[in-house]
Amino acid sequence: MIKITCDVCDKVRPQSDRRIGEDSWVLGYDIEVENANALQRSLRFLSRWDDARVLELGAIHLCSEKCKDRYIKEARAVA
Ligand SMILES: [Zn+2]
């Protein structure tokens, strides 16, 4: 079994036997896109948790809207 933790606060996601999550966890992607003159960071969030996609490239795992907001803020600070 893979252990998923929140990328902001390290909270462990409880195991669920349903692939599509109905809880507060947010699945997103943090991808760097190269265009003509710069490396741009792109954040995308899925509307629902999907266990089948948690290990995809650039996937980020957040336990709540609060951690999602914090993640966005920190990503902006870095970019
Ligand atoms: Zn969290």
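What you are looking at is a predicted structure, and each value in this text was computed from that prediction instead of being measured.

Draft legend 1. Representation of the environment of Asp69. Inspection of the secondary structure puts Asp69 in helix α1 (residues 65–78). A relative accessible area of 45% means that Asp69 is categorised as partly exposed. For the pair Asp69 and Val8, spaced 61 residues apart in sequence, the C-alpha separation works out to 9.9 Å.

Draft legend 2. Structural detail: α1. With 14 residues, α1 extends 20 Å from end C-alpha to end C-alpha; this agrees with the ideal 20 Å at 1.5 Å per step. Taken together, the buried positions of α1 are Cys67, Lys68, Tyr71, Ile72 and Ala75. For α1, the arc enclosing every buried residue in end-on projection is 140°, short of the 170-degree limit, so these residues lie on one face. Along α1, the residues that are exposed and aim more than 90 degrees away from the buried face are Lys66, Lys73, Arg76 and Ala77. The secondary structure elements touched by the buried residues of α1 are β2 (26–34), β3 (39–45) and β5 (59–62).

Rules behind the numbers
- Just so you know, the residues in each chain are numbered from 1, in the order the chain's sequence is written.
- Local features in this predicted model are restricted to residues of pLDDT 70 or higher, and side-chain atom pairs are both shown and tallied only at a pLDDT of 80 or more, whereas totals for entire chains, interfaces and linings draw on every residue.
- Derived side-chain values reflect all non-hydrogen atoms in the structure, with water molecules and hydrogen atoms excluded from consideration.
- Strands here mean DSSP runs of E at least two residues long; helices mean DSSP runs of H or I at least four residues long; both are numbered from the N terminus.
- Here the term buried applies to any residue with accessible area under 20% of the maximum for its type, exposed to any over 50%, and partly exposed to those in between, with areas from a 1.4 Å probe on protein chains only.
- Under the convention used throughout, the expected extent of a helix is 1.5 Å for every residue step, that is, one less than its residue count.
- When we speak of the arc, we mean the arc of directions from the helix axis to the C-beta atoms.
- By definition in these notes, contact holds between two residues if any of their heavy atoms fall within 4.5 Å.

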